[in-house]
Amino acid sequence: MSFLTLDHVSHHYFSKNNYTKALNNISMSVKEGEFIALLGPSGCGKSTLLSIMAGIIRHTEGKVLLQGDEVGESELDIGYMLQQDYLFPWKTIIDNVLLGPKINRNITEELKERAIKLLREVGLNNVTLKYPNELSGGMRQRVALVRTLINDPKILLLDEPFSALDYQTKLNLEDLVSDLLKTYHKTAILVTHDIGEAIAMSDRIFMMNTNPGSIAKIYDVPLELRNEIPFLSRRHPKYQILFDKIWNELEAKESEKKAVKIPNE
Amino acid sequence: MNDRQLFESYQRGLKREKKIILVWQLTILISFFALWEAASRFYWIDPLLFSSPSRVFQLIISRFANGTIFTHIQITLFETIIGFIIGTIGGILIATMLWSSARFAKVMDPYLVVFNAMPKVALGPILIVALGPGYLSIIAMGFIISVIVTTLVVFSAFNEVDPNYEKVLRSFGATRWQCFREAIFPAAMPAMISTLKVNVGLSWVGVIVGEYLVSKQGLGYLIIYGFQVFDFTLVMASLVIIAILAAIMYKLVEKLEKWLIKNRNI
Ligand SMILES: Nc1ncnc2c1ncn2[C@@H]1O[C@H](COP(=O)(O)OP(=O)(O)OP(=O)(O)O)[C@@H](O)[C@H]1O
Ligand SMILES: [Mg+2]
């Protein structure tokens, strides 16, 4: 059964004198435990799509179903990690991490222990009583990840979680996230504009078009790569093959765009 | 020099700077009063109109000694503090109401603009007619003069909070009210705190003007009374007391500010 279904979803942003069609006619179906990467140029509507899946903005057309329920009405816990960490600067790390439970009024000693354990798992010790501004960017990103995981969400929506990090931290976090998701058998949607990251982490890659955002192509990641941790799959021969394929198609699209544009100019 | 010594010499520098500033501050204060005293003694200014520090302080001391000043101080302080508190809290509450409904905020917008632009003390007579010539209208003056500014400042601070904090909360299923409590209100805290300081000053203006208009007691009344009976020593003495009280209140608010910033997450 499909875990998350998008059925002809479109989204318009309206303003007083204008509107933008951010998404056009998007359909997809994600199985439980699957890891999807959304790849596409800046402004193609990746964040918009993720917010719609999270039920935070309401799509203007189509249907979004989570385990058969409309996304707004679903009781399912969703873990949504925004493009930046958005830790609350006036809350300590532990309070930031326990934000979800606080909202749902179910903070327990057990959850607190789980929070500390998760923080330790992502390599953060003795930070619980610090404030976000005392942490480095990478550390904050990891805290945001723990905040997303603490509610034990069934589906994780990750919006470029590693984009602001240095390469090494990024690789480490990729492995960590991938490992956590596999262990707990989570469904995940990862937004990225890094082709390598998409290949190394996901099971399927959705390539998006701009203006309006739509799905251009779907790539299946070879099984050999899916079963490796991201760091090792980056070294696999099949990684390079898929990378080149996607790269070339992107290039082709770019030059197509230019070819269309030039006569107009 | 080793690190420790460098640090100590830096600290000595800080202390020295502090001393220099204090000396200058005292110099200005003392020379102001000395000049005033001298000007008055040598008739550079009319001592009947401008009095002199020695007479002002004599008056203050005798009024404190026979206790007649205390009721006036008490009344004015009471009115100012109440006006300040309800003005600030009222402003925050109205801002919260405006925030809770975008439509309500838009409906109220022109009224807020007019009310804000209006010189509030001009409403004095109306307040007196409506609330009677007593504490109530004076407190209302202190309130009315600070409430609109507070509303506008706090409301715009609410609106400037990064909407992504709300997104984070909504992804956990937070209600609008929970978003307000967890993100909007604490994020706007610095703006609210900065209105406190402004409001201290404004409440004093409102209350003193209110007392000019109606009262039979209070420091504002003493000023007007002194003016009417040509007792400018009394006017000056009241001014000095007001200045001292307002400064103390300001300092207390500053302390409150520091405490609030530290304990933002309650
Ligand atoms: N709140 C909004 N109001 C109006 N238009 C918006 C809003 N948010 C996004 N858009 C528009 O919708 C389109 C898609 O934006 P979105 O943020 O989803 O892109 P993105 O793929 O996440 O880009 P990036 O990779 O830069 O994060 C853009 O053209 C953007 O200008
Ligand atoms: Mg985005």
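Refer to the structure presented above.
Quantities reported herein were computed from a predicted structural model and do not represent experimental measurements. (Residues numbered from 1 in each chain as written. Chains lettered and ligands numbered in written order. Predicted model: local features only at pLDDT ≥ 70, side-chain atom pairs only at ≥ 80, totals over all residues. Heavy atoms only, no water.)

Student: Which parts of the structure should I look at to understand the site of ligand 1?
Tutor: Residue and element names in this part refer to chain A. Taken together, the residues surrounding ligand 1 are Tyr-13, Ala-22, Ser-42, Gly-43, Cys-44, Gly-45, Lys-46, Ser-47, Thr-48, Gln-83 and Glu-160. The side chain of Ser-42 places a nitrogen or oxygen atom 2.5 Å from an oxygen atom of ligand 1. Within the complex, 60% of the 640 Å² of free accessible area of ligand 1 lies under protein. Residue contributions to the shell around ligand 1 peak at 3 residues, all from helix α1 (residues 46–53). (Near = heavy atom within 4 Å. Polar contact = N/O pair within 3.5 Å; in protein donor to acceptor, adjacent residues only side chain to side chain. Areas by Shrake-Rupley, 256 points an atom, 1.4 Å probe, with all protein chains shown as cover. Helix = DSSP H or I, 4+ residues; strand = E, 2+ residues; numbered from the N terminus.)

Student: So what exactly am I meant to see when it comes to the interface of chain A and chain B here?
Tutor: How large an interface is tends to be reported as the accessible area lost when its parts come together. Tallying the contact residues gives 20 residues for chain A and 19 residues for chain B. For the pair chain A and chain B, the two sides together bury roughly 2000 Å², of which 61% comes from carbon and sulfur. Of all residues in chain A, the largest losses of buried area upon contact with chain B belong to Ile56(A), Trp90(A) and Ile103(A), amounting jointly to 37% of the total for that side. Scanning the region where chain A abuts chain B turns up 2 salt bridges. Of the charged contacts in the structure, one is a salt bridge between Glu182(B) and Lys91(A), with a shortest N-O distance of 2.7 Å. Applying the counting criterion to the chain A and chain B interface returns 7 residue pairs in polar contact (both at pLDDT 80 or more). Where the side of chain A that touches chain B is concerned, the elements lending two or more residues are β6 (78–81) and α3 (99–103) of chain A. (Contact = heavy atoms within 4.5 Å. Buried area = accessible area lost by both parts, 1.4 Å probe. Salt bridge = Lys/Arg side-chain N within 4 Å of Asp/Glu carboxyl O.)

Student: Is there a simple way to explain the coordination of the magnesium ion (ligand 2) in this structure?
Tutor: Put simply, the ideal angle at a metal is 109.5 degrees for four donors in tetrahedral geometry and 90 or 180 degrees for six donors in octahedral geometry. Residue and element names in this part refer to chain A. Every protein donor of the magnesium ion (ligand 2) is listed here as Ser-47 (OG) and Gln-83 (OE1), and their distances to the metal cover 1.9 to 2.5 Å. Placement of Ser-47 in helix α1 and of Gln-83 in the loop between β6 and α2 (93–97) is noted, with a sequence separation of 36 residues between them. With relative accessibility at 26%, the residue Ser-47 sits in the partly exposed group. Here Gln-83 falls in the partly exposed class, since its relative accessible area comes to 36%. (Donors = N, O, S within 2.8 Å, 3.2 Å for Na, K, Ca; no water. Buried < 20%, exposed > 50% of the residue type's maximum accessible area, 1.4 Å probe, protein only.)

Student: Hey, could you run me through the side chain of Ser51(A) in this one?
Tutor: Residue placement: Ser51(A) occurs in helix α1. By relative accessible area, which is 1% here, Ser51(A) ends up buried.

Student: In this structure, what is going on with the sheet that holds strand β5 (residues 69–70) of chain A? I would like to understand it.
Tutor: Strand-to-strand pairing in sheets goes through backbone hydrogen bonds, with the strands running parallel or antiparallel. All names here are of chain A. Pairing within the open sheet is antiparallel, and its 4 strands lie in the order β2-β1-β4-β5. Both outer strands of the open sheet, β2 (19–31) and β5, are each paired with one neighbouring strand and no more. Sheet topology note: the strand β1 (residues 2–14)/β2 ladder contains 9 bridges and is antiparallel. Within β2, the residue paired with Tyr-13 across the bridge is Thr-20. (Pairing = 2+ DSSP bridges.)

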